[in-house]
Amino acid sequence: MVVVCKHRSGRAGWGRRGSRRRSSAPATAAYSKAMTSTGLEWRHYGPSPLPPVLASALDRFAEQGYHGTSTRELAAGAGLSVPGLYHHYRSKQDILMALMVAVMEELLARTEAALASAGDSPVERFDALVESMLRFHMFRQREAFVASSEIRSLEPANRKRYVALRDRQQRMIDEVVVAGARDGYFATPYPADAARGIATLCIGVASWFRMDGPLSVDQVLERQLVLARDLVAARS
């Protein structure tokens, strides 16, 4: 579905006719650079470094959903007027896409950093990859929720671009599991299915984990790694 936001005047929310607005790229450039730097500490999580408009979008989309949020609310949450918001983003759809790409870029960067820090053993690489994904879905729960639930709200071209990023993440899991099975570290006869199961396991943590819950981050990691290793039938 293509969504066009409207102002109270009833005019489609694209600003004045013929006006040109900045691309959303400059607003997220610093964020992307931070997430793709070679020195990323993949186990460390501070506050999300999203720029103000995307931080506002995350808050509203997580609580109200994309279609339940107005452009005016996004602007107010970022401390901007509606024209000020449109100075940085062309539409509400652009804001959603920028947010979802930022989330996926952080996940990809942390996964790549985790794999780079692991040894050559497929088991070490598997453990690092799973730990990284689990940590992300615990420390970035709202981001993961919005990225998962609002894919339905993306326009076709944006959805295609986002799915390509998501597929890139899945390929990293596939490669690690297939390599472990090929080299005899994992006994699963179905490595491709096991790899999809690993993704589902890690993503699912975001739906139930609570920082103030009965299990600590380390306890969840320990338990989920046992389950992940069982999925691939890791040899002891």
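Residues numbered from 1 in each chain as written. Predicted model: local features only at pLDDT ≥ 70, side-chain atom pairs only at ≥ 80, totals over all residues. Heavy atoms only, no water.

Visitor: Now, about the overall build of the chain: what can you tell me, with residues and values included?
Guide: A tally of regular secondary structure across the chain gives ten helices and zero strands. Counting helices and strands in the order they occur from the N terminus, the chain gives α-α-α-α-α-α-α-α-α-α. Across the 236 residues in the chain, those meeting the buried criterion constitute 46%. Counting only contacts in the chain whose residues sit at least 6 apart along the sequence, the fraction spanning at least 24 positions is 72%. Accessible area of the chain: about 12400 Å², with a carbon and sulfur share of 52%. (Helix = DSSP H or I, 4+ residues; strand = E, 2+ residues; numbered from the N terminus. Buried < 20%, exposed > 50% of the residue type's maximum accessible area, 1.4 Å probe, protein only. Contact = heavy atoms within 4.5 Å. Areas by Shrake-Rupley, 256 points an atom, 1.4 Å probe, with all protein chains shown as cover.)

Visitor: Go over the environment of Val217, please, and point to the residues and values.
Guide: Following the sequence through the fold, Val217 ends up in helix H10 (residues 217–231). The spatial distance from the C-alpha of Val217 to the C-alpha of Phe139 is 9.2 Å, given a sequence separation of 78 residues. Beyond its immediate sequence surroundings of up to four residues, Val217 is in contact with Arg135, Met138, Phe139, Phe209 and Met211.

Visitor: Lay out H10 in plain terms, naming residues and giving numbers.
Guide: Given a rise of 1.5 Å per residue, 15 residues ought to cover 21 Å, and the 21 Å separating the end C-alpha atoms of H10 matches this to within 8%. Contacts made by the buried residues of H10 are with helix H6 (122–139) and helix H9 (191–204). (Expected span 1.5 Å × (residues − 1).)

Visitor: Any chance you could break down the environment of Met211 for me, citing the residues and the numbers?
Guide: As for its position among the elements, Met211 is in the loop between H9 and H10. The exposure class assigned to Met211 is partly exposed, which follows from its relative accessible area of 48%. Between the alpha carbons of Met211 and Phe139 there is a distance of 8.6 Å; along the sequence they are 72 residues apart. Once you skip the residues sitting within four places of it in the chain, Met211 turns out to touch Met138, Phe139 and Val217.

Visitor: So, the nonpolar core: which residues are in play, and what are the values?
Guide: Ranked by size, the top nonpolar core spans 61 residues in total, and within it Leu99, Phe126 and Val130 carry the most contacts. For this core, the element with the highest residue contribution is helix H5 (residues 92–117), accounting for 13 residues. One finds Trp42, Ala113, Ala114 and Ala128 within the second-largest nonpolar core, a separate group that totals six residues. (Core = buried A, V, L, I, M, F, W, Y, C linked by side-chain atoms within 4.5 Å.)

Visitor: Break down the packing of aromatic side chains for me, with residues and values.
Guide: Enumeration over the complete set of coordinates arrives at three aromatic pairs. Ring geometry for Tyr45 against Phe139: centres 4.9 Å apart, planes inclined by 5 degrees, an arrangement best described as stacked. Of this pair, Tyr45 sits in the loop between helix H1 (25–35) and helix H2 (52–64) while Phe139 sits in helix H6, placing them 94 residues apart in sequence. Residue classification places Phe139 among the partly exposed positions, given a relative accessible area of 29%. The ring of Tyr66 is capped by Lys92, whose NZ or CZ atom sits 4.3 Å from the centre of that ring. Note that Arg110 overlies the ring of Tyr45, its terminal NZ or CZ placed 3.6 Å from the centroid. (Phe/Tyr/Trp six-rings, centres within 6.5 Å; stacked < 30°, edge-to-face > 60°. Lys NZ or Arg CZ within 6 Å of the ring centre and 35° of its normal.)

Visitor: Mind laying out unusual backbone geometry, listing which residues take part and the relevant values?
Guide: The phi torsion at Ala233 lies on the positive side, around 55 degrees, for a residue other than glycine. With respect to the secondary-structure elements, Ala233 resides in the segment after H10. Using a relative accessible area of 29% as the deciding quantity, one classes Ala233 as partly exposed.

Visitor: Let's hear about the pattern of salt bridges: which residues, and what values?
Guide: Scanning all chains against the criterion turns up eleven salt bridges. Of the charged contacts, one joins Arg140 and Glu106 as a salt bridge, the two residues approaching to 3.1 Å between their closest N and O atoms. Of the two residues, Arg140 is situated in the loop between H6 and helix H7 (141–149) and Glu106 in helix H5; the sequence distance between them amounts to 34 residues. As far as burial versus exposure is concerned, Arg140 and Glu106 are alike and both buried. Arg135 is the salt-bridge partner of Glu131, the closest N and O atoms lying 2.8 Å from each other. Placement of the pair is Glu131 and Arg135 together in helix H6, with a separation of four residues, close to one helical turn. Overall, the relative accessible area of 11% leaves Glu131 in the buried class. Through salt bridges with shared partners, a single ionic network connects Arg43, Glu131 and Arg135. (Salt bridge = Lys/Arg side-chain N within 4 Å of Asp/Glu carboxyl O.)

Visitor: Would you mind going over the side chain of Thr188 in detail, with residue names and values included?
Guide: Secondary-structure assignment places Thr188 in the loop between helix H8 (156–182) and H9. Look at Thr188 and you get buried, because its relative accessible area is 11%. At 3.1 Å, the side chain of Thr188 forms a polar contact with the backbone nitrogen of Tyr190. Aside from chain neighbours lying at most four places away, what touches Thr188 is Ala181, Ala194, Leu231, Val232 and Ala233. (Polar contact = N/O pair within 3.5 Å; in protein donor to acceptor, adjacent residues only side chain to side chain.)

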